[in-house]
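Residues per chain, in single letters:
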Amino acid sequence: DYRTAYGYAYDCIAVIGIGLDRTGSMLGVTPDPMTTGAPDVTKWEAAKRGVSSFLQDCETVQSSGVIYTVAGIETFRRLAANDFQPVFPAPGYGLVKSGSGFSRAAFDSAIAAMTPGGDTPLADALVDVKNTLVMPPFGGIPTDEQRYLAMLTDGLLTSGSPMSSIANGSFAPIAVFSMGFGT
């Protein structure tokens, strides 16, 4: 375990956590981002397709032996309380690899039964993805490793903490990306 013993990581092993907006506002429609000229789809469908394609890319590079991706995905919404559901089995993240519990097929199967509803706790979800999917792999070692967090959402905060509750710089050294689905 070179991470614990020596405190370093290889940049060919990326760690990423993905938050997938599963709220009622994701039932709105958006142009299909996967196919130009196609009919509109729900934002939920567009987001699911995006994550599925990302996982397919991770499997492709993993099989090439060039890059390995440790990833976890959770859906987020607020019903009576925040509802953050990991898509993959415990601990919620793992090496993305074809035929494993952390694959495109596993995601597509698990996400098929989920439906959107409820309100959007954006800041709470962002913090939860960081704390449960981005920092835990490899015990967070090394502490200065570049890790990644992606949120797929329409960005309509309707519940929970405001984005201003997250202090500037508090996610360093995590790179945060966002994919928004407009109307």
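The structure displayed is predicted, hence computed values, not measured ones.

## What to know about the packing of aromatic side chains
As enumerated under the stated definition, the model contains four aromatic pairs in all. Plain terms: the ring middles of Phe88 and Phe102 are 5.3 Å apart, the flat faces sit at 75° to each other, and that makes the pair edge-to-face. One end of the pair, Phe88, is in the loop between strand S5 (82-86) and strand S6 (93-95); the other, Phe102, is in the loop between S6 and helix H3 (104-112), and 14 residues separate them in sequence. One aromatic cluster in this structure is built from Tyr6, Tyr8 and Tyr10. For Lys130, the ring lying beneath its charged end belongs to Phe171, and the centroid distance is 5.1 Å.

## What to know about the pairing of strand S4 (residues 68-78)
Of all 11 residues making up S4, nine are buried, and the element is well covered by its neighbours. Of the pairings in the sheet, the one linking strand S1 (residues 13-21) to S4 comprises nine bridges and is parallel in character. Counted as the bridge partner of Ile16 is Ala71 from S4. As paired strands, S4 and S6 are joined by three bridges and run antiparallel to one another. Following the sheet pairing, Gly72 is matched in S6 by Tyr93. Relative to S5, S4 is paired through five bridges, and the arrangement is antiparallel. Within S5, the residue paired with Phe76 across the bridge is Phe84.

## Some remarks on helix H2 (residues 43-64)
Taking 1.5 Å of rise per residue, the 22 residues of H2 would be expected to cover 32 Å, and the 32 Å separating its terminal C-alpha atoms lies within 8% of that figure. Of all the positions in H2, only Lys43, Trp44, Ala46, Ala47, Lys48, Val51, Ser52, Leu55, Cys58, Glu59 and Gln62 are classed as buried. Positive backbone phi, approximately 80°, marks Gly65, located one or two places after H2.

## Overview of the nonpolar core
Counting residues in each nonpolar core, the largest one holds 23 residues, and the members touching the most others are Leu20, Val51, Ile73 and Phe107. Counting only elements with at least two residues in this core, the list comes to S1, H2, S4, H3 and strand S7 (147-153). Setting aside anything within four residues of it in sequence, one finds Phe107 in contact with Leu20, Lys48, Val51, Ser52, Leu55, Ile73, Val87 and Phe88.

## Examining the packing of H2 against H3
Contact pair H2 / H3: the axes reach a minimum separation of 8 Å and the direction vectors enclose 160°. Classified by the interaxial angle, the pair formed by H2 and H3 is roughly antiparallel. When H2 is examined against H3, the residues Trp44, Lys48, Val51, Ser52, Leu55, Gln56 and Glu59 are found in contact with a partner set consisting of Arg104, Ala105, Phe107, Asp108 and Ile111. Tallied by class, residues from the contact of H2 with H3 come to six nonpolar, two polar and four charged.

Definitions and limits used
Residues numbered from 1 in each chain as written. Predicted model: local features only at pLDDT ≥ 70, side-chain atom pairs only at ≥ 80, totals over all residues. Heavy atoms only, no water. Phe/Tyr/Trp six-rings, centres within 6.5 Å; stacked < 30°, edge-to-face > 60°. Helix = DSSP H or I, 4+ residues; strand = E, 2+ residues; numbered from the N terminus. Lys NZ or Arg CZ within 6 Å of the ring centre and 35° of its normal. Buried < 20%, exposed > 50% of the residue type's maximum accessible area, 1.4 Å probe, protein only. Pairing = 2+ DSSP bridges. Expected span 1.5 Å × (residues − 1). Core = buried A, V, L, I, M, F, W, Y, C linked by side-chain atoms within 4.5 Å. Contact = heavy atoms within 4.5 Å. Axes fitted to C-alpha atoms, helices over the stretch in contact; angles between N-to-C directions. Parallel < 35°, antiparallel > 145°, perpendicular 65-115°, else oblique. Nonpolar A, V, L, I, M, F, W, Y, C, P; charged D, E, K, R; others polar.

Everything listed here is a matter of geometry and, on its own, says nothing about what the molecule does.
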